[in-house]
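Results of the structural survey
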Amino acid sequence: MVHAKWESYLAEAIKRCNRCPLHESRTNPVPGEGNPNASLMFVGEGPGADEDRMGRPFVGRAGKRLDLWITDYLGMKRSDVYIANTVKCRPPGNRVPTDSEMAMCFPYLLAQISFIKPKVIVALGKTAAQDLLGFPKATSLKLLRADNPYRRNGYYVVVTYHPAAILRNASYESAVREDLIIAKKLLEVG
Ligand code: URA
């Protein structure tokens, strides 16, 4: 894996971060990983138990599903893309991060986006969509997906289901495929 200099600085800053209470209960921070020059970035909600133990994003069951989406729907490898989360430390018991925790962690995500300069960011689930697009938490994923893709400063955002949601309800899988095809087309047209 190639590590850009900014990644080491950012990882160090996140390791020392005490801006929100999540640092108190984490085992390892999970800054993110992948191709620092990726044209496609995924943003999830926050690290789970496996990620907290390993210090890497999406390495548990949901991560295995995400890996399949990357290969099967996008024809890419996990090492081609960059994977990050709205918060870099595990919320206890896998609860949804609070608005304040997300706000405290947002500068790290923003820094990742500005260094990587992806063409497309796929928001995995409502929390990531809210963080990236600024919609209220109550907005349903169905409603958020209906307006795909979103044009933002220099990149597109495509909202889709979180892989953990698909593990609970497989009927959403075809929607994910549709969303990732939108992302793929955006990458192809440049
Ligand atoms: N779920 C997330 O949102 N992020 C991870 O890194 C793992 C599971």
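Scroll up to find the structure this text is about.
Not measured: the values here are computed from a predicted model.

Quick word on the nonpolar core
Within the largest apolar cluster, 57 residues are counted, with the highest numbers of intra-cluster contacts made by Leu40, Met41, Phe42, Leu132 and Val159. Per-element accounting of this core gives the leading share, seven residues, to helix H5 (residues 99–116). When sequence neighbours within four positions are dropped, the list of residues in contact with Leu132 reads Val43, Leu109, Ile113, Ile121, Ala123, Arg152 and Val157.

As for the packing of H5 against helix H6 (residues 126–133)
Between H5 and H6, the least distance of the axes is 10 Å, while the angle of their chain directions is 70°. Classified by the angle their axes make, H5 and H6 are roughly perpendicular. As for the relative orientation of H5 and H6, their crossing is right-handed in sense. Note on element contacts: H6 touches H5 through Thr127, Gln130, Asp131 and Leu132, opposite Asp99, Met102, Phe106, Leu109 and Ile113. When its residues are assigned to classes, the contact of H5 with H6 shows five nonpolar, two polar and two charged.

Focus: the sheet that holds strand S1 (residues 33–34)
Read across the open sheet, the six strands follow the order S1-S3-S2-S4-S6-S5; overall the sheet is mixed. Two strands lie at the open edges of the sheet, namely S1 and strand S5 (150–152), each paired on one side alone. Across four bridges, strand S2 (residues 40–44) lies against strand S4 (residues 120–124) in parallel orientation. By the bridge assignment for S4, Leu40 is matched with Val120.

Focus: the site of the ligand
Neighbouring the ligand are Gly44, Glu45, Gly46, Glu51, Pro57, Phe58, Asn85 and His162. In this structure, an oxygen atom belonging to the ligand sits 3.0 Å away from a main-chain N or O atom of Phe58. For the ligand, whose unbound accessible area comes to 230 Å², protein coverage reaches 92%. Of the residues contributing to the shell around the ligand, the split by class is two nonpolar, four polar and two charged.

Some remarks on the packing of helix H1 (residues 5–16) against H5
When two helices pack together, their arrangement is given by the angle between their axes and by how far apart the axes lie. Between H1 and H5, the shortest axis-to-axis distance is 11 Å and the interhelical angle comes to 180°. It follows from the interaxial angle that H1 and H5 lie roughly antiparallel. Two secondary-structure elements touch here, H1 through Trp6, Leu10, Ala13 and Ile14 and H5 through Tyr108, Ala111, Gln112, Phe115 and Ile116. Tallied by class, the residues present in the contact of H1 with H5 amount to eight nonpolar, one polar and no charged.

Thoughts on the pattern of salt bridges
Overall, the coordinates contain 13 salt bridges when judged by the stated rule. Ionic pairing is found between Asp50 and Arg53, a salt bridge with its closest N-O pair at 2.6 Å. Placement of both Asp50 and Arg53 in helix H3 (residues 49–54) is noted, with a separation of three residues, approximately one turn of the helix. The class for Asp50 is partly exposed, based on a relative accessible area of 29%. Its relative accessible area of 54% is what places Arg53 among the exposed residues. Each of Glu33, Arg56, Asp67 and Arg78 takes part in one network of salt bridges that share partners.

A few points about unusual backbone geometry
The peptide bond linking Asn148 to Pro149 adopts the cis configuration, its omega dihedral lying at -10°. Mapped onto the secondary structure, Pro149 falls in the loop between helix H7 (141–146) and S5. A positive phi angle, near 45°, is found at Phe58, a position not held by glycine. Looking at the secondary structure, you find Phe58 in the loop between H3 and helix H4 (61–72). Exposure remark for Phe58: the relative accessible area of 6% places this residue in the buried category. Positive phi outside glycine occurs at Lys117, with the angle close to 50°.

Reading the values: rules and limits
Residues numbered from 1 in each chain as written. Predicted model: local features only at pLDDT ≥ 70, side-chain atom pairs only at ≥ 80, totals over all residues. Heavy atoms only, no water. Core = buried A, V, L, I, M, F, W, Y, C linked by side-chain atoms within 4.5 Å. Buried < 20%, exposed > 50% of the residue type's maximum accessible area, 1.4 Å probe, protein only. Helix = DSSP H or I, 4+ residues; strand = E, 2+ residues; numbered from the N terminus. Contact = heavy atoms within 4.5 Å. Axes fitted to C-alpha atoms, helices over the stretch in contact; angles between N-to-C directions. Parallel < 35°, antiparallel > 145°, perpendicular 65-115°, else oblique. Left-handed = near helix turned anticlockwise from the far one by under 90°. Nonpolar A, V, L, I, M, F, W, Y, C, P; charged D, E, K, R; others polar. Pairing = 2+ DSSP bridges. Near = heavy atom within 4 Å. Polar contact = N/O pair within 3.5 Å; in protein donor to acceptor, adjacent residues only side chain to side chain. Areas by Shrake-Rupley, 256 points an atom, 1.4 Å probe, with all protein chains shown as cover. Salt bridge = Lys/Arg side-chain N within 4 Å of Asp/Glu carboxyl O.

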